[in-house]
Amino acid sequence: MRKQSGTEVFRITGARQSLADDVRGRQRRYIISMSVRTVAVVLAATLWNVERHVAVVALALGVLLPYVAVVIANAGRENAPSLPSTFVPAPTRPALGAPVAGAPAEPAPEPVAEPGTTGHGGGTHPAG
């Protein structure tokens, strides 16, 4: 049987993403956003005399996307309040004979008089 030494137990399922992975993910999102912006600006310039409506939408996307990309890239690390606590205390086992929490207490046994004695605290008197 393994001995419990009071060590702390940690859950890894609730662990946050590492800082390097977080930065890498933000950089990837920013590069993708800027690539989409570049394509939108080139599309707006190409379609300006052909499809003016599409060119205006692409130009608006090219103007607004840098702001959105910077806000997304500068957003802080994820906050996971819904995940369980990362610390789980080791379970404690009650000692043998100790009362279990939540169990009803047993009433004390009533004293029983021995045969041939009176139950009034006097000396012993033989019956009969």
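Only a predicted model underlies this, so the values are computations on that prediction, with no experimental measurement involved.

A. Focus on helix 2 (residues 52–73). For helix 2, spanning 22 residues, the distance from its first C-alpha to its last is 31 Å, which sits close to the expected 32 Å at 1.5 Å a residue. In helix 2, a bend of some 35° at Leu64 exceeds every other bend along the element, and Pro66, a proline, comes one to four places later. Looking only at helix 2, the buried set comprises Ala55, Ala58, Gly62, Leu65, Ala69 and Ala73. Buried residues in helix 2 make contact with helix 1 (19–47).

B. Broad picture of the packing of helix 1 against helix 2. Between helix 1 and helix 2, whose axes approach to 8 Å, the crossing angle comes to 160°. With respect to helix 2, the axis of helix 1 lies roughly antiparallel. Like other packed secondary-structure pairs, helix 1 and helix 2 cross with a definite hand, here left-handed. Its residues assigned to classes, the contact of helix 1 with helix 2 shows 19 nonpolar, two polar and four charged.

C. Representation of the side chain of Arg26 in the model. You can see Arg26 is positioned in helix 1. Polar side-chain contacts of Arg26 include one of 2.9 Å to the side chain of Asp22.

D. Fine view of a nonpolar patch on the surface. Taken together, the side chains of Trp48, Val56, Leu59, Val63 and Leu64 define a hydrophobic patch exposed on the protein surface, amounting to about 470 Å² of accessible area. The partly exposed category is assigned to Val56, whose relative accessible area is 43%.

E. Molecular detail of the pattern of salt bridges. All chains considered together, the criterion is met by two salt bridges. Ionic pairing is found between Asp21 and Arg24, a salt bridge with its closest N-O pair at 2.7 Å. Taken together, the residues Asp21 and Arg24, both in helix 1 and three residues apart, mark about one turn of the helix. In this structure, Arg26 engages Asp22 in a salt bridge whose closest nitrogen and oxygen atoms are separated by 2.9 Å. Of this pair, Arg26 and Asp22 both sit in helix 1, separated by four residues, roughly a single helical turn. By relative accessible area, which is 18% here, Arg26 ends up buried. Relative accessible area serves as the criterion here: at 7%, Asp22 is assigned to the buried category.

Rules used throughout
- Residues numbered from 1 in each chain as written.
- Predicted model: local features only at pLDDT ≥ 70, side-chain atom pairs only at ≥ 80, totals over all residues.
- Heavy atoms only, no water.
- Helix = DSSP H or I, 4+ residues; strand = E, 2+ residues; numbered from the N terminus.
- Expected span 1.5 Å × (residues − 1).
- Bend = angle between axes of the 7 residues up to and from the residue.
- Buried < 20%, exposed > 50% of the residue type's maximum accessible area, 1.4 Å probe, protein only.
- Contact = heavy atoms within 4.5 Å.
- Axes fitted to C-alpha atoms, helices over the stretch in contact; angles between N-to-C directions.
- Parallel < 35°, antiparallel > 145°, perpendicular 65-115°, else oblique.
- Left-handed = near helix turned anticlockwise from the far one by under 90°.
- Nonpolar A, V, L, I, M, F, W, Y, C, P; charged D, E, K, R; others polar.
- Polar contact = N/O pair within 3.5 Å; in protein donor to acceptor, adjacent residues only side chain to side chain.
- Patch = residues over 30% accessible without salt bridge, like charges linked within 9 Å, V, L, I, M, F, W, Y side chains within 5 Å.
- Areas by Shrake-Rupley, 256 points an atom, 1.4 Å probe, with all protein chains shown as cover.
- Salt bridge = Lys/Arg side-chain N within 4 Å of Asp/Glu carboxyl O.

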